[in-house]
Amino acid sequence: MTFLEVTTKQATRLTRTLALAAGICATSLTAGYAQDVTLRGASMFDDAHAFTKTMVKFAELVDEYYDGDVEFDLRLNGELGVEKDYVNFLQQGVAIDYTIIAPSNMAKFAPAIPLMDMPFLFRDLDHWNTVLSSDAFAPLEEQLAENADIMVIGYTGGGVRNLVSSEPIGNMDELTGHKMRVMGAPIQAQIFSALNAAPSAIAYNEVYNAIQSGVIAGFENEAASIQNLKFYEVAPHVTLTKHTITVRPIVMSGKTYRKLPEDLQAAVLKAGAEAGAYGRELESREDAQKLQEMVDAGQVQVQEFDGREKLLEMVVPVQDAFAADIEATDLLGTVRGM
């Protein structure tokens, strides 16, 4: 268990406490000290992972922008379960108040939200960052808030997802029939089915054993997760399909948010947006570094995908059909046009 606590800003707080003790600033007492607040977070990873660092940064920024006392209880290494558990906790308003979650894990509440993590959606990192710095995904945020009472308060991510496999997958012939794990949203399976692979949705915490036992031959992920969870032990081949630049919403339970004082609500929103920008820069910078570390350590072998341009052509009809099915054709057009 890791416990992170952001304590008081002492100089400012001492001045206010003395004033309150003297019977002054009663209004400030009501506004700023009406309740003690503890915000509970969860990460599937250790304190070296970009997601964890981003949540720590979020806590620091909230403390900077809020003129009151907030404690942050951040549990690491999957202590509170996996992301699907986090979604249920947030929706119910129990166990955790904030975290970072893959869009596909929220698809049951917001069917259109996996669009933001759709393979081959972004042209490059500049395009990805432009979209996430805008309000392009506001319709998806509204759907999630309405159906699940989960708020998006920022966007992090930045890992470039590639194929990771027990045997080399370097061209269309080798990709055909390749048994691979994909995330749970239907668009993930649809995309890789269109590329002639054999995708299946398997729980993330079962992937290692599934590859080891031969149930699947690989999956797709970014370098940080491959390194952090030692997937290279069972899947040492990385093929640079670069099919996804990850989008990872920083989310908070709406039930939690509404209980907060208004000035703390404002601090949370500001801190969420800034922590997201911090996390995007951090993860995109670390991604190539982590992949190279594994190469240098002899843990993975990296190769290009021969004929990647063909992949880009093959997925367009699938993207279009998916967007039409979830009534997001205009949104897809907006993202492509940015």
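Structure first, text after, so check above.
A short tour of the structure in this document, coming up.

Calculation criteria
Residues numbered from 1 in each chain as written. Predicted model: local features only at pLDDT ≥ 70, side-chain atom pairs only at ≥ 80, totals over all residues. Heavy atoms only, no water. 1 Å grid on protein atoms, 1.4 Å probe; cavity = no way out; pocket = protein on both sides within 12 Å on 5 of 7 lines; lining within 4 Å. Points joined across faces, edges and corners; volume = space filled by probe spheres on them. Helix = DSSP H or I, 4+ residues; strand = E, 2+ residues; numbered from the N terminus. Nonpolar A, V, L, I, M, F, W, Y, C, P; charged D, E, K, R; others polar. Core = buried A, V, L, I, M, F, W, Y, C linked by side-chain atoms within 4.5 Å. Buried < 20%, exposed > 50% of the residue type's maximum accessible area, 1.4 Å probe, protein only. Contact = heavy atoms within 4.5 Å. Polar contact = N/O pair within 3.5 Å; in protein donor to acceptor, adjacent residues only side chain to side chain. Axes fitted to C-alpha atoms, helices over the stretch in contact; angles between N-to-C directions. Left-handed = near helix turned anticlockwise from the far one by under 90°. Salt bridge = Lys/Arg side-chain N within 4 Å of Asp/Glu carboxyl O. Pairing = 2+ DSSP bridges.

**Digging into empty space enclosed by the protein**
Then comes step 1: This model, assessed by the stated rule, comprises two cavities of 30 Å³ or more.
Then comes step 2: For the largest cavity, the calculated volume is near 40 Å³.
Then comes step 3: Lining the largest cavity are Ala42, Ser43, Met44, Phe45, Phe51, Met55, Glu83, Tyr86, Thr99 and Ile100.
Then comes step 4: Breaking the lining of the largest cavity down by element, the ones donating at least two residues are α3 (50-65), α4 (83-92) and β3 (98-100).
Then comes step 5: Grouping the amino acids of the lining of the largest cavity by side-chain chemistry returns seven nonpolar, two polar and one charged.
Then comes step 6: The computed volume of the second largest cavity comes to approximately 40 Å³.
Then comes step 7: Val160, Asn162, Asn221, Glu222, Ala223, Ile226, Val238, Asp287 and Leu291 together form the lining of the second largest cavity.
Then comes step 8: Those elements giving two or more residues to the lining of the second largest cavity turn out to be β4 (150-165), α10 (223-228) and α12 (262-296).
Then comes step 9: Partitioned by chemical class, the residues of the lining of the second largest cavity number five nonpolar, two polar and two charged.

**Some details on the nonpolar core**
Then comes step 1: Judged by nonpolar contacts, the single largest core of 102 residues is most densely connected at Phe58, Phe122, Phe137, Leu144, Met252, Leu264 and Val268.
Then comes step 2: Ignoring anything within four residues of it in the chain, the contact list for Leu264 reads Val37, Val62, Tyr66 and Val70.

**So, the environment of Ala145**
Then comes step 1: If you trace the backbone, Ala145 turns up in helix α6 (residues 138-148).
Then comes step 2: The spatial distance from the C-alpha of Ala145 to the C-alpha of Ser253 is 9.0 Å, given a sequence separation of 108 residues.

**Concerning the side chain of Asn221**
Then comes step 1: Mapped onto the secondary structure, Asn221 falls in strand β7 (residues 218-221).
Then comes step 2: Of note is the side chain of Asn221, whose polar atom sits 3.4 Å from the side chain of Arg161.
Then comes step 3: The residues contacting Asn221, other than those within four sequence positions of it, are Val160, Arg161, Asn162, Val164, Tyr204 and Ile226.

**Thoughts on the packing of α3 against α12**
Then comes step 1: Two elements in contact, α3 and α12, have axes whose closest approach is 8 Å; the angle formed by their N-to-C orientations is 145°. Relative to α12, the crossing made by α3 is right-handed.
Then comes step 2: Classifying every residue of the contact of α3 with α12 gives 13 nonpolar, three polar and six charged.

**Here we look at the pattern of salt bridges**
Then comes step 1: Taken as a whole, this structure holds 11 salt bridges when the rule is applied.
Then comes step 2: A salt bridge links Arg75 to Asp73; the shortest N-O distance between them is 2.6 Å. Across the pair, Asp73 and Arg75 agree in class, each one buried.
Then comes step 3: Note that Arg258 and Asp149 form a salt bridge whose closest N and O atoms lie 2.7 Å from each other. With Arg258 in helix α11 (residues 254-259) and Asp149 in the loop between α6 and β4, this pair connects stretches of sequence that are 109 residues apart.
Then comes step 4: Residue classification places Arg258 among the exposed positions, given a relative accessible area of 53%.

**A short note on the pairing of strand β8 (residues 237-253)**
Then comes step 1: In terms of residue burial, β8 counts as a mostly covered element, since 16 of its 17 residues are buried.
Then comes step 2: Pairing between β3 and β8: three bridges, direction antiparallel. Bridged to Tyr98 within β8 is Met252.
Then comes step 3: Taken together, the 12 bridges between β4 and β8 define a ladder with antiparallel strand orientation.

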